[in-house]
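# Architecture and fold: a report
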Amino acid sequence: MAEQEKPKSQWMHLELYSRSGTLNKSEKNTKTSVGGVVNEAIRTPGFVDHILQDGGQPSPPSHIYSVDGKTLDQHMGEILAQVETERDPMGRKIRADKNILLAGTASYPKPVKADNWTPDDRQNYELWKEQTLDFLKNQFGENLICALEHQDEAYPHLHFYAVNRQRISETPILHPGHASNIKLEKEAKTNNKKPNSSEMTKAYRAAMRDFQDAYYNEVSVYCGFDRLGPKVQRMNRNEWKARKQANKRMRDVVRKLKVEAKSVQSRGEKIEQLANELEIQMAENQEWENRLEQETKALESGTKDLELAQYVKKNNPEIAASFNIQYARKQVAVKSKKMGFAPK
């Protein structure tokens, strides 16, 4: 099957990590710690062997989202400092093997080095990043602290990190599968019973299916990706091609809607800017009108005083002469006071 015909299905994974790392009994090895997760993500030497073994060249990630603009290792430093101050219900320090970080990966299903990346692929990749980040923000809210982009492995992908910012040691409740189990454990404890392991397994799987379904409904379907591969869905080739075309049409519609939405938003912002400018201009005009009104009143008052003076001078010369004499005396008194002696 040619590269462009390979089925494209979503890939999203969540995991919890502790400060010490934990033993994975099924794989007989130790799961990495939060320190290992962070060092691998920021491409610290000694934590990039998997890239070198595949013939790749490690390169620093791009931070596409971060609370307060901090780097992942800066966030981790604050997280480790906070958890040191926390205590469990018995007043004890939080155990080193307690999970305190939720980390996840979302991968774009087209190889980085593929020579058939078209402008359409580039545009779809940017749409996928934008949609995925929106999904994560809706899923984790303020608890999402950072998201990185890697393009130095086989497939371009995003790493994201979340913690319970109010209480770091309760971060597992952010993981859908673990949250369902925590709920069952609390219910069992309330009823003085032991948790049913079979029921917990079913609840965990159901919660994770719901999470993957939500990611598909909010992201993958709009980017032309399927929820599962054709073998898992037991589709024949014609059915798969029909689904692929339907997904592509859905993706194209969403792109057009996003372009139109941005255009409408841009027009709205321009209208708002013009409205603000108009409001400022109207305020300035009102100020000038008020000033003009004051000057007009002053002019009118001055005109009346001048007309009155002219009338008195013409019709009552003795009053005008008396006024001039009194005015002259006042002027002499002012000048004399300034010179330091009183007039006789």
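What comes next is a walk through the structure. (Residues numbered from 1 in each chain as written. Predicted model: local features only at pLDDT ≥ 70, side-chain atom pairs only at ≥ 80, totals over all residues. Heavy atoms only, no water.)

What follows covers the sheet that holds strand S4 (residues 62–66). If you trace the five strands from one edge of the open sheet to the other, you get S1-S5-S7-S6-S4, paired in antiparallel fashion. The open sheet has two edge strands with one neighbour each: strand S1 (11–18) and S4. Strand-to-strand twist of the sheet, defined as the mean angle between neighbouring strand axes without regard to direction, takes the value 20°. Pairing geometry for S4 and strand S6 (residues 144–150), over four bridges, is antiparallel. (Pairing = 2+ DSSP bridges. Helix = DSSP H or I, 4+ residues; strand = E, 2+ residues; numbered from the N terminus. Axes fitted to C-alpha atoms, helices over the stretch in contact; angles between N-to-C directions.)

Let's shift gears to helix H5 (residues 176–190). Taking 1.5 Å per residue, 15 residues should reach 21 Å; H5 reaches 21 Å between its end C-alpha atoms and fits that length. Burial in H5 covers these residues: Pro-176, Gly-177, Ser-180, Asn-181, Leu-184 and Ala-188. Relative to the axis of H5, the buried residues are bounded by an arc of 140° and lie together on one face. Exposed residues pointing more than 90 degrees away from the buried face of H5 are listed as Lys-183, Lys-186, Lys-189 and Thr-190. At its buried positions, H5 is contacted by S1, helix H4 (119–140) and helix H6 (197–223). (Expected span 1.5 Å × (residues − 1). Buried < 20%, exposed > 50% of the residue type's maximum accessible area, 1.4 Å probe, protein only. Arc of directions from axis to C-beta. Contact = heavy atoms within 4.5 Å.)

A word on the packing of H4 against H6. In contact at an axis separation of 9 Å, H4 and H6 are set at 150° when each is read in the N-to-C sense. Between H4 and H6, the crossing angle belongs to the class labelled roughly antiparallel. By crossing handedness, the relation of H4 to H6 is classed as right-handed. Facing Asn-124, Leu-127, Trp-128, Gln-131, Thr-132, Phe-135, Asn-138 and Gln-139 of H4, the residues of H6 in contact are Phe-211, Ala-214, Tyr-215, Glu-218, Val-219, Tyr-222 and Cys-223. Of the residues assigned to the contact of H4 with H6, the class counts are nine nonpolar, five polar and one charged. (Parallel < 35°, antiparallel > 145°, perpendicular 65-115°, else oblique. Left-handed = near helix turned anticlockwise from the far one by under 90°. Nonpolar A, V, L, I, M, F, W, Y, C, P; charged D, E, K, R; others polar.)

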